[in-house]
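Given next are the chains, with one letter for each unit.
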Amino acid sequence: MRKLSQMLVFMVLVLIGPMPAQAETITVTDIAGREVAVNVPIKRAILGEGRQLYIIAALDRENPAARIVGWRKDLIEADPATYQAYLSKFPAFADIPAFEGLEQSLIDIETTIAQKPDIVFLNLETKRAVEEAAYIEKLGALDIPVVYVDFRNSPEVNTEPSIRLFGKLFGKEDRAEEFIAFRAEEIAKITDRLASVKPERPKVFIDRAAGFYEDCCHSFGDGNFGAMVEMAGGDNIAKDLIPGTFGQINAEQVIVSDPDHIIVTSAMWDVYVPGGKWVPVGPGADPDEIVEKLKFYPTRPAYLGIKAQKTNAFHAVWHQFYNSPYQFVAIQQMAKWFHPELFADIDPDETFKQLHDRFLPIDYQSGYFGTLSN
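Residues numbered from 1 in each chain as written. Predicted model: local features only at pLDDT ≥ 70, side-chain atom pairs only at ≥ 80, totals over all residues. Heavy atoms only, no water.

### Re empty space enclosed by the protein
- Tallied over the entire structure, the rule returns one cavity of 30 Å³ or more.
- There is about 110 Å³ of room inside the largest cavity.
- Around the largest cavity sit 15 residues that line it, and Thr82, Tyr86, His356, Ile362 and Tyr368 are the ones nearest its centre.
- Mapped by element, the contributors of at least two residues to the lining of the largest cavity are helix H4 (80-89) and helix H15 (348-359).
- At four residues, H4 tops the list of elements feeding residues into the lining of the largest cavity.
- Within the lining of the largest cavity, the residues separate by chemical class into 11 nonpolar, three polar and one charged. (1 Å grid on protein atoms, 1.4 Å probe; cavity = no way out; pocket = protein on both sides within 12 Å on 5 of 7 lines; lining within 4 Å. Points joined across faces, edges and corners; volume = space filled by probe spheres on them. Helix = DSSP H or I, 4+ residues; strand = E, 2+ residues; numbered from the N terminus. Nonpolar A, V, L, I, M, F, W, Y, C, P; charged D, E, K, R; others polar.)

### Some thoughts on the packing of helix H8 (residues 155-169) against helix H9 (residues 173-197)
- Remark: H8 packs on H9, axes separated minimally by 7 Å, with the N-to-C direction vectors making an angle of 155 degrees. With respect to their mutual orientation, H8 and H9 come out roughly antiparallel. When you trace H8 past H9, the crossing you get is right-handed. Packed against H8, whose contacting residues are Pro155, Thr159, Glu160, Ile163, Arg164, Gly167 and Lys168, the element H9 presents Glu173, Ala176, Glu177, Phe179, Ile180, Arg183 and Ala184 at the interface.
- The class makeup of the residues in the contact of H8 with H9 is six nonpolar, two polar and six charged. (Axes fitted to C-alpha atoms, helices over the stretch in contact; angles between N-to-C directions. Parallel < 35°, antiparallel > 145°, perpendicular 65-115°, else oblique. Left-handed = near helix turned anticlockwise from the far one by under 90°. Contact = heavy atoms within 4.5 Å.)

### Describing helix H14 (residues 327-338)
- Between its first and last C-alpha atoms H14 spans 17 Å; for 12 residues at 1.5 Å apiece the expected length is 16 Å, and the two agree.
- The element H14 is extensively covered by neighbouring structure, given that 11 of its 12 residues are classed as buried.
- Buried within H14 are the following residues: Gln327, Phe328, Val329, Ala330, Ile331, Gln332, Gln333, Met334, Ala335, Trp337 and Phe338. (Expected span 1.5 Å × (residues − 1). Buried < 20%, exposed > 50% of the residue type's maximum accessible area, 1.4 Å probe, protein only.)

### Some words on H8
- With 15 residues, H8 extends 20 Å from end C-alpha to end C-alpha; this agrees with the ideal 21 Å at 1.5 Å per step.
- Residues of H8 that are buried: Pro155, Asn158, Thr159, Ser162, Ile163, Leu165, Phe166, Gly167 and Leu169.
- Looking one or two residues past H8, glycine 171 carries a phi angle of roughly 70 degrees, positive in sign.

### Focus on the nonpolar core
- The biggest cluster of nonpolar side chains holds 113 residues, and the ones touching the most others in it are Phe93, Phe121, Val147, Leu169, Phe225 and Phe321.
- For leucine 169, the contacting residues outside a window of four places in its chain are Ile26, Val28, Val38, Val40, Pro41, Ile42, Ile119, Phe121 and Val147.
- Core analysis: the second largest hydrophobic core is formed by six residues, Ala78, Ala209, Ala267 and Trp269 among them. (Core = buried A, V, L, I, M, F, W, Y, C linked by side-chain atoms within 4.5 Å.)

### Some details on the packing of aromatic side chains
- Tallied over the entire structure, the rule returns 31 aromatic pairs.
- Judged by centre distance (5.5 Å) and plane angle (45 degrees), the rings of tyrosine 54 and tyrosine 326 are tilted. Pair noted here: tyrosine 54 is in helix H2 (residues 53-59) and tyrosine 326 is in the loop between strand E13 (314-318) and H14, with a separation of 272 residues, a long-range link. Tyrosine 326 shares its class with tyrosine 54; the two are buried.
- Judged by centre distance (6.0 Å) and plane angle (45 degrees), the ring pair of phenylalanine 321 and tyrosine 368 falls under tilted. Pair noted here: phenylalanine 321 is in the loop between E13 and H14 and tyrosine 368 is in the loop between H15 and strand E14 (369-371), with a separation of 47 residues, a long-range link. The pair formed by phenylalanine 321 and tyrosine 368 is uniform in burial state, with each residue classed as buried.
- The structure contains a cluster of three or more aromatic residues connected by ring pairs, namely Tyr54, Trp318, Phe321, Tyr326, Trp337, Phe352, Tyr364, Tyr368 and Phe369.
- The lysine or arginine in question, arginine 208, covers the ring of phenylalanine 220, its NZ or CZ lying 5.7 Å from the ring centre. (Phe/Tyr/Trp six-rings, centres within 6.5 Å; stacked < 30°, edge-to-face > 60°. Lys NZ or Arg CZ within 6 Å of the ring centre and 35° of its normal.)

### A short note on the pairing of strand E2 (residues 35-40)
- By the alternation rule, side chains of E2 split into Val36, Val38 and Val40, which are all buried, and Glu35, Ala37 and Asn39, of which none is buried.
- Connecting the antiparallel pair strand E1 (residues 24-29) and E2 is a turn made up of five residues, with glycine 33 showing a positive phi of about 85 degrees. (Pairing = 2+ DSSP bridges.)

### A word on the state of the cysteines
- Going through the model one piece at a time under the given rule, you end up with one disulfide.
- Put simply, cysteine 216 and cysteine 217 are joined by a disulfide, and their sulfur atoms are 1.9 Å apart. On the sign convention where negative means left-handed, the S-S torsion of about 95 degrees between cysteine 216 and cysteine 217 marks this disulfide as right-handed. (Disulfide = S-S within 2.5 Å.)

Following this line, the structure appears as C-alpha cells:
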C-alpha cells in the first residue's frame with residue numbers, strides 16, 4: 001500500500017512538472033548606501049540606463065531581453081552598433097518600451113508604472129533629480145523598489161559592487177563573481193607590472209566626448225577615464241584642475257601642461273550630432289575612417305605646439321567604456337600607448353574577444369580604438 005501511495009505521488013509530480021521557484025524577499029544595500037527590500041528572483045526590470053545591458057547580457061546570456069520591460073533610449077542612440085548586434089540575435093529587444101533622456105534625467109514614471117516592474121535600476125547620478133521628484137516614494141507606494149548602481153560616476157570604486165548587486169538580484173551570483181574575477185585579473189596585468197617596474201609616467205589629456213561637444217576642452221578629473229589613465233601608467237593633467245569626475249578646462253591650461261598624449265573619447269554619434277567631428281570608434285568600425293576623422297584633432301588650437309602634436313600621439317577610444325563594466329579593456333589599450341615596450345605582450349582586442357566568448361551572447365567585433373602614432 002505504501003509503495004502504491006509513493007507511486008501515485010510520483011506520477012502526480014511528473015504530470016504537473018517541476019514546482020516554480022518560490023519568491024523570496026531579500027534586503028540589499030545599493031550604491032547610494034540605501035537598504036532596499038526586493039522580491040527575488042527578478043522577472044521584470046526597468047533600466048534607467050539602457051547601457052546597463054552591458055552587464056545584464058553577461059548574466060542573462062541565453063536571453064538578455066527576457067527580464068527587461070522598459071529602458072532608456074541611450075543604448076539605441078549612443079551605441080547603435082551594439083544595439084543592432086543584440087537586436088539581430090534577440091528580436092524581442094524591438095518590443096521593449098523605451099523612453100528619452102540622458103544620464104542625469106528622470107525615468108518616464110508612467111511607462112515604469114504601466115510595466116509593473118519588480119525593480120527599477122537607476123544611475124547614481126540621477127539621485128538628486130529622483131529625490132526632488134519624490135519618485136522613490138511614488139514607486140514605493142506601489143511596491144516597486146528602486147536600486148541605484150554606478151558604472152559612470154565613480155566606476156573605479158563602484159563597478160564591482162554594482163556587478164554584485166545585479167548578480168544577487170538576478171540570481172546569478174556565481175556568474176557575477178566569475179566576471180569580477182576576470183576583470184580583476186586583466187587589470188592586474190597592467191597595475192602589477194607598473195608597480196614593479198615604476199616607469200616614468202607620460203602626461204595625458206583626455207578630450208572627453210570629442211565631437212559631441214563643439215568647444216574644447218571637456219575632460220575628466222580624478223575619476224572615470226581620469227582614473228583609468230592613472231591605472232594605465234599615465235599622468236592625467238586634469239586631475240588637479242577638475243573637481244570631481246567631469247568638467248572643462250581652457251585651452252591655455254592644456255598648452256601649458258604640454259601633454260605627451262591626447263586621448264579622444266568618442267563614438268558613432270550621428271543621432272546626436274549629424275556629420276559632427278566625432279570619431280566613429282565602436283564595434284565593427286572602419287579603421288581607416290577612424291584614423292581619417294582623428295586627424296582633425298591635432299589641428300585644435302588647444303593642441304598646437306604641444307608634445308603630443310609633435311609626435312602625433314593622438315588616440316581614439318570608445319567613449320562607452322566610461323559607462324560599462326568593460327573599462328579594463330581601455331586600461332590595457334592606454335597602457336600600450338603609454339608604455340609600448342613594457343606592455344608589448346598585452347592584446348586588448350584579444351582580451352575583449354575573450355570577454356565576449358566567455359560571457360556575452362554576441363560575437364566580438366574590433367573597432368574600439370584608433371591612433372595616429374603607428
